[in-house]
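# Working through the structure, step by step
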Amino acid sequence: MLDPMQYRVSPGAEVRLLEHDPDSKDGFVGGKTEGKAALPALRHQLAELQDKLWAESRNRLLVVLQAMDTGGKDGTISHVFKGANPQGVQVASFGPPTELELAHDYLWRVHPHVPRNGFITIFNRSHYEDVLVVRVRDLVPEERWRKRYQHINDFERLLTEEGTTIVKLFLHISPEEQRQRLQARLDDPSKRWKFRQGDLDDRKLWPKFQTAYEEMLTRTSTQNSPWYVVPANRKWYRNLVVSSILINALRGMDCRFPEPEMELEGLVVT
């Protein structure tokens, strides 16, 4: 049986990504066909739990997605949340900061997008870019980005203490899997629009990005805001793991349908 907790980064644990197999399908008996067949049932569970979250409107869920290029962030959103009520799901993407955003602290652009009561918000990339890209590309001095681990922990502690449940997912792929996915984009005219020169530039920096991700995972996986290193070479297995993690998180919130405002037993609409 698939246990998503095996991919949770324990607070204080030192992460070495070479020790995490991106091709793993631990806990699942079967292959791609069986895996894809198992996903609809998980979508149904997720949708039922989201209905309670939306109806009760007392709790909120923030899902943080990080990955190397082609890691599957967009695909995860489209496949896992396919059955969700779109009224209660929002996606926020954080690309290179604008001139206005650069004129503020790096969390200024993030806070307005955290979820409100009853909502699930997905960060497709996130505030963690400010300890990843800025580090690897040397965009700010090390003495500045090193302080940001604690800033982020404090920011997320504020959110959780105010009622937000946070689930952080690192979609872990291998360099060979990335190569194949980039090549597939080039070979398929309908997917070439996804390709950019920067993908190849970042690929050359793979070792530096892996080091940055390892420290990020080590320094910012906390008891109330944990990271999960999700094996993501097999897209179908990735979807099962992510769905299972989110279902566990929503169940832990113990959301319930509100009681009706008046006695409805025996009431007949005429």
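Just so we're clear, the structure is a prediction, and the values are computed from it rather than from any experiment.

Conventions used here
Residues numbered from 1 in each chain as written. Predicted model: local features only at pLDDT ≥ 70, side-chain atom pairs only at ≥ 80, totals over all residues. Heavy atoms only, no water. Helix = DSSP H or I, 4+ residues; strand = E, 2+ residues; numbered from the N terminus. Expected span 1.5 Å × (residues − 1). Buried < 20%, exposed > 50% of the residue type's maximum accessible area, 1.4 Å probe, protein only. Core = buried A, V, L, I, M, F, W, Y, C linked by side-chain atoms within 4.5 Å. Contact = heavy atoms within 4.5 Å. Salt bridge = Lys/Arg side-chain N within 4 Å of Asp/Glu carboxyl O.

### Some points on helix α10 (residues 235-253)
- End to end, α10 covers 27 Å across 19 residues, agreeing with the expected 27 Å (1.5 Å per residue, within 8%).
- In terms of burial, α10 is largely enclosed, as 15 of its 19 residues are buried.

### Re the nonpolar core
- Residues F81, L169 and L246 are the most contacted members of the largest nonpolar core, which totals 73 residues.
- It is α10 that contributes the most residues to this core, 11 residues altogether.
- Setting aside anything within four residues of it in sequence, one finds L169 in contact with V63, V64, L65, Q66, W227, Y228, V230, V242 and I245.

### Points about helix α7 (residues 175-187)
- Over its 13 residues, α7 extends 18 Å from the first C-alpha to the last, a length consistent with the 18 Å expected when each residue adds 1.5 Å.
- The inward-facing, buried residues of α7 abut α8 (197-204), α9 (206-220) and α10.

### Overview of the pattern of salt bridges
- According to the stated counting rule, one finds 21 salt bridges in the structure shown.
- R179 is the salt-bridge partner of E176, the closest N and O atoms lying 2.9 Å from each other. With a gap of 3 residues between them, E176 and R179 both fall in helix α7, about one helical turn apart.
- The class for E176 is partly exposed, based on a relative accessible area of 37%.
- When the shortest N-O distance is used, the salt bridge between R181 and E177 registers 2.8 Å. Here E177 and R181 lie together in helix α7, a separation of 4 residues that amounts to about one turn. In terms of burial, R181 and E177 fall into one category: buried.
- A single network of salt bridges, built from pairs that share partners, joins D69, R125, E129, R137, R185, R196, D199 and D202.

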